[in-house]
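Single-letter residue listing:
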Amino acid sequence: HREYTISRNQVNLATNPARSYEDAARKWAQREAGKRATAFRTTGDFGQSGYFQAYERLDKGGYTSIYDRFHVWG
């Protein structure tokens with residue numbers, strides 16, 4: 001595992017140990033919103049830093065966005 005930093009508007013929100021940027025984003029979303037949350041990349045290439053959007057699973061299927069986009073870097 002490696003340490004990744006989660007930030008928004010140039011303010012660091014958290015540091016997560018994770019296997020990848022994508023894993024760090026998902027872990028942060030779940031820590032903030034619960035196990036039904038996940039995160040999807042909105043900018044950047046897989047395996048590199050970029051912006052993510054947190055989403056929560058809906059009971060009837062699909063997802064709804066939650067919170068503002070956030071940056072994962074490390």
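Below is a short write-up of the structure. (Residues numbered from 1 in each chain as written. Predicted model: local features only at pLDDT ≥ 70, side-chain atom pairs only at ≥ 80, totals over all residues. Heavy atoms only, no water.)

### Quick look at the overall build of the protein
Then, number 1: Counting its secondary structure elements, the protein contains 1 helix and 5 strands.
Then, number 2: Secondary structure elements of the protein occur, N-terminal to C-terminal, as β-β-α-β-β-β.
Then, number 3: Relative to the 2.2 N^0.38 estimate, which gives 11 Å for 74 residues, the radius of gyration of the protein is 12 Å and therefore close to what a compact globule would have.
Then, number 4: Looking at the protein as a whole, 35% of its 74 residues qualify as buried.
Then, number 5: At a minimum sequence separation of 6, the contacts of the protein that also span at least 24 residues come to 29%.
Then, number 6: Looking at the protein as shown, the accessible area adds up to about 4,700 Å², and 46% of this sits on carbon and sulfur atoms.
Then, number 7: Averaging the positions of the 12 positive and the 8 negative side-chain charges in the protein gives two centres separated by 3 Å. (Helix = DSSP H or I, 4+ residues; strand = E, 2+ residues; numbered from the N terminus. Rg over C-alpha atoms; globule rule 2.2 N^0.38 Å. Buried < 20%, exposed > 50% of the residue type's maximum accessible area, 1.4 Å probe, protein only. Contact = heavy atoms within 4.5 Å. Areas by Shrake-Rupley, 256 points an atom, 1.4 Å probe, with all protein chains shown as cover. Lys, Arg positive; Asp, Glu negative; His and termini not counted. Charge placed at Lys NZ, Arg CZ, Asp CG, Glu CD.)

### Description of the nonpolar core
Then, number 1: Within the largest apolar cluster, 16 residues are counted, with the highest numbers of intra-cluster contacts made by Ile6, Phe52, Phe70 and Val72.
Then, number 2: Elements with a contribution of two residues or more to this core: strand S1 (2–8), strand S2 (11–18), helix H1 (21–33), strand S3 (37–41), strand S4 (50–57) and strand S5 (63–73).
Then, number 3: If one sorts the elements of this core by residue count, H1 sits on top with 5 residues.
Then, number 4: Not counting residues within four places of it along the chain, the set of residues in contact with phenylalanine 52 comprises Tyr21, Glu22, Ala25, Ala39, Phe40, Arg41, Thr42, Arg69, Phe70 and Val72. (Core = buried A, V, L, I, M, F, W, Y, C linked by side-chain atoms within 4.5 Å.)

### Examining the packing of aromatic side chains
Then, number 1: By the definition in use, this model includes 6 aromatic pairs.
Then, number 2: Ring centres of tyrosine 4 and tyrosine 21 lie 4.7 Å apart, and the angle between their planes is 70°; on these two criteria the pair is classed as edge-to-face. You can see tyrosine 4 sitting in strand S1 and its partner tyrosine 21 sitting in helix H1, a full 17 residues away along the chain.
Then, number 3: Aromatic ring contacts, followed pair by pair, group Trp28, Phe52, Tyr67 and Phe70 into a single cluster.
Then, number 4: The ring of tyrosine 51 has arginine 69 lying over it, and the distance from NZ or CZ to the ring centre is 4.6 Å. (Phe/Tyr/Trp six-rings, centres within 6.5 Å; stacked < 30°, edge-to-face > 60°. Lys NZ or Arg CZ within 6 Å of the ring centre and 35° of its normal.)

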